Amino acid sequence: MAAVNGTHTNGVNGVHNGVNGTNGTSSASRPLTPGIYAPIPTFFLPDTEDLDLESFTKHVVRVAKAGVRPLLAGSMGEAHHLAHAERTTLIKAARRALDEAGLTSMPIVAGTGAGSTRETVELCREAAQAGADYAIVIASGYYAGAIAGNRKALKAFWAEVTEKSPIPVIIYNYPGASGGIDLDSDLITELATECPNLAGVKLTCGNVGKLTRICATVSEPSFASQYPRLNPNAPFLVLGGFIDFLLPSTYVNAHGAITGLANVAPYTIQRLYELSEATLKDPSLLPEAQRLQGIVARADFTIAKASIAGTKALLEKLYGYGGSPRKPLSPVEPAVAAALWEHPHTQDIVRVERELSGKVAAA
């Protein structure tokens, strides 16, 4: 297999291997780069539901060593089951674990979405103080009936959050977790051009056309000079919220993905990203990239249906930790967990992951 590297060859806001922006006071110290991000599960002790920090930090380091960046307190991390202090504890624990593992340049993205604009800003500030480099924000769906169709209100929400957040902010567009609120490409593009502390968007709407339209603006060479970012280390990234279209998204100058499957198979997902990027310079790698994308897409489809509890069950099987979600979420039934593990799509990606992680360990 031809060797590839992790260098992103698509334009990052129009600049190869570059960032947009020249000035600013936002304090992100570790660059936000194209690639793969994993929404890290939050692990809980079985009897008390207290944070299981030992399993959590072990997992953060495990995925980071594969080249995957951690995203804490997102949907997979059961953000809405966490108190403010618990979110802060997770960020501090992750930063300490990464630093102790020698991964001092690995950035941390923290989920800071909440019910109100005020609390969202508060969480952004707390995340920054705890050591997060970037925030990712979803609009609350509790009053979706009142704001889903109110373009002015939605725009004002992200404008205020990005203006008041001490760290750059990524939009989290996930209609399924926000009462159906689904930002269109025009609104996201407007926010990208008007909010210099905005560092990207995660599209868990799964809309490839939307991704393409946004990239057509923010990946243009002129974007960086026309709309500089507040922090030069925080370019505007367009990230898929699923991994099943990573390869095609590479060809419209998207910048990677935030995917729960990277918890189960971080080396495989990182390899797919690197291989997809390499095909831009060496088309002979395309058949291998397509083959791996097929394995990953099938696994993503099968495992995602089992949700957070299913992912935790697979982690338990693979790595010896996982446990149950916090109530009211339920663990998967043993028969369902067994069927998920034995499913051909799961076994295919497990084989690839063991092969790739073993090569890295032997190197």
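Chemist: Got a minute to help me understand the packing of aromatic side chains in this structure?
Modeler: For any two aromatic rings, the description comes down to two numbers: the centre-to-centre distance and the angle of the planes. A full pass over the atoms with the stated rule returns six aromatic pairs. Each ring, one from Phe43 and one from Tyr321, has its centre 5.4 Å from the other, and the planes form 85°; the classification is edge-to-face. Within this pair, whereas Phe43 is found in the loop between β3 (35–39) and α1 (53–65), its partner Tyr321 is found in the loop between α13 (307–319) and α14 (334–342), the two being separated by 278 residues in sequence. An identical accessibility class is assigned to Phe43 and Tyr321; each is buried. Aromatic pair Phe157 and Trp158: ring centres 4.9 Å apart, planes at 75°, arrangement edge-to-face.

Chemist: Can you walk me through the side chain of Asp133 in this structure?
Modeler: Relative to the elements of secondary structure, Asp133 occurs in the loop between α3 (117–130) and β6 (134–137). There is a polar contact of 2.8 Å between the side chain of Asp133 and the side chain of Arg30. Side-chain polar atoms of Asp133 contact the backbone nitrogen of Ile108, separated by 2.8 Å.

Chemist: How should the layout of surface pockets be read in this particular structure?
Modeler: Quantified by volume, the largest pocket comes out at close to 780 Å³. Along the wall of the largest pocket there are 38 residues; nearest its centre are Ser75, Met76, Tyr172, Tyr174 and Ile308. Sorting the residues of the lining of the largest pocket by element identifies α12 (286–304) and α13 as the ones contributing at least two each. Of the residues contributing to the lining of the largest pocket, the split by class is 19 nonpolar, 15 polar and four charged. Space inside the second largest pocket adds up to approximately 210 Å³. Around the second largest pocket sit 16 residues that line it, and Phe44, Leu45, Pro46, Gly323 and Ser324 are the ones nearest its centre. Classifying every residue of the lining of the second largest pocket gives eight nonpolar, four polar and four charged.

Chemist: When you look at unusual backbone geometry in this model, what are you seeing that I'm missing?
Modeler: Of all residues except glycine, most have a negative phi; of all peptide bonds, most are trans. The linkage connecting Lys327 with the following residue, Pro328, adopts the cis geometry, with an omega of 15°. The topology assignment puts Pro328 in the loop between α13 and α14.

Chemist: Can you walk me through helix α2 (residues 84–100) in this structure?
Modeler: Since the α-helix turns once every 3.6 residues, residues separated by three or four places project in the same direction. With 17 residues, α2 extends 25 Å between its outermost C-alpha atoms, agreeing within 8% with the 24 Å of an ideal straight helix rising 1.5 Å per residue. Where α2 is concerned, the buried positions are Glu86, Arg87, Thr88, Leu90, Ile91, Ala93, Ala94, Arg95, Ala97 and Leu98. Residues of α2 that are buried make contact with α1, β4 (69–72), β5 (109–111) and α3. The first or second residue beyond α2 is Gly102, which carries a positive phi of 80°.

Chemist: Would you mind going over the pattern of salt bridges with me for this structure?
Modeler: Side-chain pairs of opposite charge can arise whenever the charged atoms involved come near each other. Taken as a whole and judged by the stated rule, the model has 13 salt bridges. Put simply, Arg95 and Asp99 hold a salt bridge, and the shortest N to O gap is 3.1 Å. Linking Arg95 with Asp99, this pair stays in helix α2, spanning four residues, or about one helical turn. In this structure, the salt-bridge partner of Asp182 is Lys210, at a minimum N-O distance of 2.6 Å. Here Lys210 lies in helix α7 (residues 208–218) and Asp182 lies in the loop between β7 (169–173) and α6 (185–194), a separation of 28 residues in the sequence. The class for Lys210 is buried, based on a relative accessible area of 3%. Ionic contacts of the salt-bridge type, sharing partners, join the residues Arg151, Lys155, Asp184, Glu190 and Glu194 into one network.

Chemist: In this structure, what is going on with empty space enclosed by the protein? I would like to understand it.
Modeler: A water-sized probe rolled over the atoms picks out the places where empty space is left. Tallying each qualifying case throughout the model produces two cavities of 30 Å³ or more. Lining the largest cavity are His84, Arg87, Thr88, Ile91, Ala110, Gly111, Thr112, Leu123, Glu126 and Ala127. At the level of elements, α2, β5 and α3 are the ones that each hand at least two residues to the lining of the largest cavity. When its volume is computed, the second largest cavity comes out at roughly 30 Å³. Forming the boundary of the second largest cavity are Ile138, Ala139, Trp158, Tyr172, Asn173, Tyr174, Ser178, Ile181 and Leu183. For the lining of the second largest cavity, the per-class residue count stands at seven nonpolar, two polar and no charged.

Chemist: Even after reading the chapter, I still don't get α7, so can you show me in this structure?
Modeler: Within α7, burial applies to Lys210, Leu211, Ile214, Cys215 and Val218. Relative to the axis of α7, the buried residues are bounded by an arc of 130° and lie together on one face. Contact partners of the buried residues in α7: β7, α6, β8 (198–203), α8 (223–226), β9 (237–240) and α9 (246–250). By the N-cap criterion, in which a side-chain oxygen at the helix start approaches the backbone nitrogen of a residue two or three places on, α7 is capped by Asn207, the distance to Gly209 being 3.1 Å.

Each value, and the rule that gives it
- Residues numbered from 1 in each chain as written.
- Predicted model: local features only at pLDDT ≥ 70, side-chain atom pairs only at ≥ 80, totals over all residues.
- Heavy atoms only, no water.
- Phe/Tyr/Trp six-rings, centres within 6.5 Å; stacked < 30°, edge-to-face > 60°.
- Helix = DSSP H or I, 4+ residues; strand = E, 2+ residues; numbered from the N terminus.
- Buried < 20%, exposed > 50% of the residue type's maximum accessible area, 1.4 Å probe, protein only.
- Polar contact = N/O pair within 3.5 Å; in protein donor to acceptor, adjacent residues only side chain to side chain.
- 1 Å grid on protein atoms, 1.4 Å probe; cavity = no way out; pocket = protein on both sides within 12 Å on 5 of 7 lines; lining within 4 Å.
- Points joined across faces, edges and corners; volume = space filled by probe spheres on them.
- Nonpolar A, V, L, I, M, F, W, Y, C, P; charged D, E, K, R; others polar.
- Expected span 1.5 Å × (residues − 1).
- Contact = heavy atoms within 4.5 Å.
- Salt bridge = Lys/Arg side-chain N within 4 Å of Asp/Glu carboxyl O.
- Arc of directions from axis to C-beta.

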